[in-house]
Amino acid sequence: MKTEILKVDPLNIALERSKLRYAADVIRGGGLVAFPTETVYGLGADALNPKAVEKIFKAKGRPADNPLISHIADISSLPLIAVEVPEKAAVIMRRFWPGPLTLVLKKAPGVPGIVTAGLDTAAVRMPSHPAALALIEESGTPLAAPSANTSGKPSPTSAEHVIADLSGKVDIIIDSGIPAIGIESTVVDVTSDPPVILRPGWVDIQMLAEYLPGIIYSGDRGRFCVSLQEEQGQDRGRFCVSKGTGEGGSSGHTEHHGGRCAGNGGGVGEDASSVRMGNDLSAISSSSSSNDEIKEKLIQSPKSPGMKYRHYAPEALFEIAGGRDEREIAGKIRELCRAYFAQGMNVGILSTVQTDSEYADLVRKFTKRANHRADQKTDNMGGLKSDHRTDHTAGHVPDNIETKIKTPAPGGVEVICLGDRKEAAGIAASLYYALREMDRRGADVILAEQIPEDGIGFAVMNRMMKAAVK
Ligand code: AMP
Ligand code: MG
């Protein structure tokens, strides 16, 4: 299939209507259109056409038991997707729509089973991106749209990312630049009492609790349950780990220890609490023994089926370093970097503004050594001598060894700065770009810093921890 790329200026939608009308024709004809939203790029099809929706699962390689979010542009379309909308849902729709909030509601009868993976609930969102809204409007139908990436990979935060994953598999990719938020929407199940955050995002628990005071988080950290209700009147940022058995989304009861809560519900909960408490998080990594425990918990399906999979993950190993403060975290990253480099691996470090300078010497030192290693490798492969290398720089490389010189040299250590540790929104916006970029540069392992979990920082750590699961 030939994929068409349509550049659409989000600031001039009135002038871009004809392009969006053209894309909407493809949607109405049962085709696939990748489009920008304020969170990440989505892969859209007519939500009411099961044959079209099936193509989404194929193009992404998405497991059939992972339901899709339907996107609407106008509240009058809501009954096409959901029925019996409770007041608590209406309240947060009024506050956060259009925007990065998805609600799980009772499914309308016309929604094909493939969209909801057979569940009797349906997820729905009204995005705020002008190109997304215009495309949905022009299509005249809700768009089922998961993130426009190959399943399991980091979500796409540019049209280039979509092209890399889906070129040749979809009809149209609309390119409107970089999404403002950079991570997926918050998912809230309003069919349960109290309402439950199934996936954290830009709309955080504090914002939601202003409208839904009893709301809890019961996402993909298994037993990790955040209860704002219990927090009220106490220190902000105190979180609770429930004592559940590892099944379903029920939160069990919580145990309080010195102003904070700690759980005894198993590995995942305890790991998660150590994140919250700022303890050592380096145990949660793609190479640690606790991963089996984490994986096992994730596989015990929570209420949001999509959260049981490894997600958002680069090709490289991904490891998170934690600690009491940024100095300690940077120290751990340096240690890990040395250890991995000694094993012959290329290391990508995701720094922050506060720690960036801590890694400069590693780049200098190890990149030089990597070059040295590259030379040795080339020597082993073809007896390429140093005088040949001199020739190369002088432009006198004999034809027969040119290809050997072109074999990619180890990159050593590379650093990408994600942003300011105190501004998690900036880190959210650059995380997926950085993961894909490190893959492109040939990193074998990517090391990231634990960041404070205030506001969207909580969602950032959620995505990082999912990416670290092997
Ligand atoms: P994505 O489309 O990749 O942004 O993922 C959508 C997320 O919403 C996944 O984690 C799904 O499991 C979740 N989701 C979609 N529909 C439902 C539903 N009916 N109930 C619970 N979670 C849902
Ligand atoms: Mg996704």
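This structure is a prediction, so every number in the text was calculated from the model and none was measured. (Residues numbered from 1 in each chain as written. Chains lettered and ligands numbered in written order. Predicted model: local features only at pLDDT ≥ 70, side-chain atom pairs only at ≥ 80, totals over all residues. Heavy atoms only, no water.)

Chemist: I'd like a rundown of the overall build of the chain, residues and numbers included.
Modeler: Helix and strand counts for the chain come out as 17 helices and 20 strands. Per-residue burial for the chain yields a buried fraction of 57% across its 470 residues. Sequence separation of at least 24 residues holds for 68% of the intrachain contacts in the chain that already meet a minimum separation of 6. A total of about 19000 Å² of accessible surface is found on the chain, and carbon and sulfur atoms cover 52% of it. (Helix = DSSP H or I, 4+ residues; strand = E, 2+ residues; numbered from the N terminus. Buried < 20%, exposed > 50% of the residue type's maximum accessible area, 1.4 Å probe, protein only. Contact = heavy atoms within 4.5 Å. Areas by Shrake-Rupley, 256 points an atom, 1.4 Å probe, with all protein chains shown as cover.)

Chemist: So what about the confidence of the model for the chain? Which residues, and what values?
Modeler: Of all residues in the chain, 71% attain a pLDDT of 70 or more, and the chain-wide mean is 79. Residue range residues 221-302 is modelled with pLDDT below 50. Its contacts to residues more than four positions away, or to other chains, number 170 contacts. Per-residue pLDDT stays below 50 along residues 374-410; that stretch engages in 28 contacts with residues further than four places along the chain or on separate chains. (pLDDT = per-residue confidence, 0-100.)

Chemist: Describe in detail the pattern of salt bridges, supporting the description with residues and values.
Modeler: Applying the stated criterion across every chain yields a total of 21 salt bridges. When the shortest N-O distance is used, the salt bridge between Glu38 and Arg125 registers 2.7 Å. Taken together, the positions of Glu38 in the loop between strand 2 (33-35) and strand 3 (42-46) and Arg125 in strand 7 (residues 121-125) put the pair 87 residues apart, joining distant regions of the chain. As far as the burial class goes, Glu38 and Arg125 line up, both buried. Between Glu87 and Arg94 there is a salt bridge whose closest N-O contact spans 2.9 Å. When salt bridges with common partners are traced through the structure, they connect Arg17, Arg21, Glu137 and Glu138 into a single cluster. (Salt bridge = Lys/Arg side-chain N within 4 Å of Asp/Glu carboxyl O.)

Chemist: Report on helix 7 (residues 159-166), specifying residues and quantitative values.
Modeler: Buried residues of helix 7: Ala159, His161, Val162, Asp165 and Leu166, and no others. Take helix 7 and look down its axis: the buried residues cluster within an arc of 155°, on one side only. Facing away from the buried side of helix 7 by more than 90 degrees, the exposed set consists of Glu160 and Ala164. Its buried side turned inward, helix 7 meets strand 2, strand 3, helix 2 (50-60), strand 9 (172-175) and helix 16 (424-440). Phi turns positive one or two residues past the end of helix 7, at Gly168, with a value near 85°. (Arc of directions from axis to C-beta.)

Chemist: Tell me what's going on with the sheet that holds strand 18 (residues 347-351), and back it up with residues and numbers.
Modeler: Sheet strands pair by backbone hydrogen bonding; their relative direction is either parallel or antiparallel. One open sheet accounts for four strands, arranged 17-20-18-19; its pairing is parallel. For this open sheet the edge positions go to strand 17 (317-321) and strand 19 (413-417), each flanked by a neighbour on one side alone. Each strand of the sheet is rotated relative to its neighbour by a mean of 20°, with strand direction disregarded. In the packing of helix 16 onto the sheet, the strands contacted are strand 17, strand 18, strand 19 and strand 20 (445-449), and the crossing angle to strand 18 comes to about 160°. Across the sheet, helix 17 (residues 457-468) is in contact with strand 17 and strand 20; its angle to strand 17 comes to roughly 135°. (Pairing = 2+ DSSP bridges. Axes fitted to C-alpha atoms, helices over the stretch in contact; angles between N-to-C directions.)

Chemist: I'd love a proper account of the pairing of strand 11 (residues 196-199), names of residues and values included.
Modeler: The sheet contact formed by strand 10 (residues 186-189) and strand 11 spans three bridges and is antiparallel. Counterpart to Val187 in the pairing with strand 11 is Arg199. Taking the residues that link successive antiparallel strands as the turn, the strand 10-strand 11 hairpin has six residues. The pairing of strand 11 with strand 12 (residues 216-217) spans two bridges and is parallel. Pairing of Ile197 across the sheet is with Tyr217, part of strand 12.

Chemist: Lay out the packing of helix 16 against helix 17 in plain terms, naming residues and giving numbers.
Modeler: Interaxial distance between helix 16 and helix 17 falls to 8 Å at its minimum, and their mutual angle equals 30°. Relative to helix 17, the element helix 16 lies roughly parallel. Our pair here, helix 16 against helix 17, has a crossing hand that is left-handed. The residues of helix 17 that touch helix 16, namely those facing Ala424, Ile427, Ala428, Leu431 and Tyr432, are Gly457, Val460, Arg463 and Met464. (Parallel < 35°, antiparallel > 145°, perpendicular 65-115°, else oblique. Left-handed = near helix turned anticlockwise from the far one by under 90°.)

Chemist: So what's going on with the environment of Arg28? Residues and values would help.
Modeler: Within the element layout of this structure, Arg28 appears in helix 1 (residues 13-28). On the basis of relative accessible area, Arg28 is assigned to the partly exposed category, the value being 43%. On a C-alpha basis, the gap between Arg28 and Glu138 in space is 9.5 Å, while along the polypeptide they are 110 residues apart. Beyond its immediate chain neighbours, meaning those up to four positions away, Arg28 contacts Glu138 and Ser139. A polar side-chain atom of Arg28 sits 2.4 Å from a polar atom in the side chain of Asp25. (Polar contact = N/O pair within 3.5 Å; in protein donor to acceptor, adjacent residues only side chain to side chain.)

Chemist: Talk me through the pairing of strand 9; I want residue IDs and the actual numbers.
Modeler: Two faces make up the sheet, and in a regular strand the side chains alternate between them. Alternating positions in strand 9 separate into two faces, Ile172 and Ile174 on one and Ile173 and Asp175 on the other, with burial throughout. As judged from the four bridges shared by strand 1 (residues 4-7) and strand 9, these two strands associate in the parallel manner. Note on strand 9: the bridge partner recorded for Lys7 is Asp175. For strand 2 and strand 9, the ladder comprises two bridges, and the chain directions are parallel. By the bridge assignment for strand 9, Val33 is matched with Ile172.

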